[in-house]
Amino acid sequence: MLIRAVGLGGVSVNALLQIDEVSHDFGGPALFHNFSMTLPMGGQCLLVGPSGSGKSTLINLICGFLKPRSGEIRIAGEAISQGAEAARDAVRKRHVAVVFQSLRLVSALSVAGNLQLAARLAGRAASQTDIALLLDELGIGEKANARPHQLSQGQAQRAAVARALIARPSLLIADEPTSALDDANAARVADMLLRLASDHGTGLLVATHDVRLRPFFDKAIALEGVPA
Ligand SMILES: Nc1ncnc2c1ncn2[C@@H]1O[C@H](COP(=O)(O)OP(=O)(O)OP(=O)(O)O)[C@@H](O)[C@H]1O
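Under an unreviewed UniProt entry, the name given to the chain is ATP-binding cassette domain-containing protein, and the organism recorded is Alteraurantiacibacter aquimixticola.

A. Structural view of the layout of surface pockets. For the largest pocket, the calculated volume is near 500 Å³. Lining of the largest pocket is provided by 19 residues; of these, V96, A97, V98, A118 and L121 occupy positions nearest its centre. Of all the secondary structure elements, the ones that give two or more residues to the lining of the largest pocket are helix 2 (85-95), strand 8 (96-99), helix 3 (111-121) and helix 5 (153-166). The element contributing the most residues to the lining of the largest pocket is helix 3, with four residues.

B. Broad picture of the site of the ligand. Neighbouring the ligand are F26, L31, P50, S51, G52, S53, G54, K55, S56, T57 and E176. A distance of 2.8 Å separates an oxygen atom of the ligand from a polar atom in the side chain of S56. Taking 640 Å² as the accessible area of the ligand by itself, protein coverage stands at 52%. Split by residue class, the shell around the ligand holds three nonpolar, six polar and two charged.

C. Quick look at unusual backbone geometry. If you check the backbone angles, R168 has positive phi at about 45° while not being a glycine. Here R168 shows up in the loop between helix 5 and strand 9 (171-175).

D. Structural context of the environment of L194. For L194, the location among the structural elements is in helix 6 (residues 183-199). C-alpha of L194 to C-alpha of A97: the two residues are 97 residues apart in sequence and 15 Å apart in space. With residues up to four places along the chain from it excluded, the contact list for L194 reads Q44, L204, F216 and F217.

E. Layout of the packing of aromatic side chains. Following the criterion strictly, the structure yields one aromatic pair and no others. Sitting over the face of the ring of F100, R104 holds its NZ or CZ atom 3.7 Å from the ring centroid.

F. Representation of the sheet that holds strand 3 (residues 15-24) in the model. Taking strand neighbours across the sheet as the criterion, the four strands line up as 4-3-6-7 in an open arrangement whose pairing is antiparallel. Two strands lie at the open edges of the sheet, namely strand 4 (32-40) and strand 7 (78-79), each paired on one side alone. Note: strand 6 (residues 70-75) against strand 7, two bridges, orientation antiparallel. Bridge pairing in strand 7 places R74 opposite A79.

Calculation criteria
Residues numbered from 1 in each chain as written. Predicted model: local features only at pLDDT ≥ 70, side-chain atom pairs only at ≥ 80, totals over all residues. Heavy atoms only, no water. 1 Å grid on protein atoms, 1.4 Å probe; cavity = no way out; pocket = protein on both sides within 12 Å on 5 of 7 lines; lining within 4 Å. Points joined across faces, edges and corners; volume = space filled by probe spheres on them. Helix = DSSP H or I, 4+ residues; strand = E, 2+ residues; numbered from the N terminus. Near = heavy atom within 4 Å. Polar contact = N/O pair within 3.5 Å; in protein donor to acceptor, adjacent residues only side chain to side chain. Areas by Shrake-Rupley, 256 points an atom, 1.4 Å probe, with all protein chains shown as cover. Nonpolar A, V, L, I, M, F, W, Y, C, P; charged D, E, K, R; others polar. Contact = heavy atoms within 4.5 Å. Phe/Tyr/Trp six-rings, centres within 6.5 Å; stacked < 30°, edge-to-face > 60°. Lys NZ or Arg CZ within 6 Å of the ring centre and 35° of its normal. Pairing = 2+ DSSP bridges.

Below is the structure:
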């Protein structure tokens, strides 16, 4: 079926992420003022800016953890910037998975257990075979029964990416995935995220201060933050 790329009342029908004139502050100067961006289904974008420029705040807005002062954010056509917390949580669970810089793997569970829990929380069925295939795809198949503390940093990061992808999100967000890595490993992680997102038909938003990632992305948005 051909999906029309025609706007209905300002909503782009085939946009994965649509941010329209969002303004936000924390009681001081505006961090975002009429900020807009669009990411098409399967699109990939780098969100780059120095510390304090608002990357985490924008992630929190896109995930519906925060409500903007004004403006609208839609994911796959569903508003996540308005409504009750439960409704915003439901939109996030349907569409978004985040790989946090701190990874946030559950230490009491094995790698496979972390994936199983993530799938269940997102309301998706994931069989042992689904989990094994995904871990193999990320090169950590033999670590399925390991606990997070038994993994190297790189393996733990791949486990966190697998945990995000098992929920089959339409949008994968990675927060500072390369900040502590040398050039070769930063390039490897960027390649991995771009390839996996593309293979899984998942949109990708990488938020970072790491300007080394700029050449890997066709589309980048620079955040400058408020002057100190
Ligand atoms: N809950 C909050 N209350 C008040 N101010 C906040 C809050 N969260 C963030 N800020 C402020 O908003 C600005 C942007 O912070 P944010 O964490 O979004 O930046 P960032 O680009 O992600 O930074 P970093 O790369 O250091 O994580 C900062 O000045 C920060 O102090």
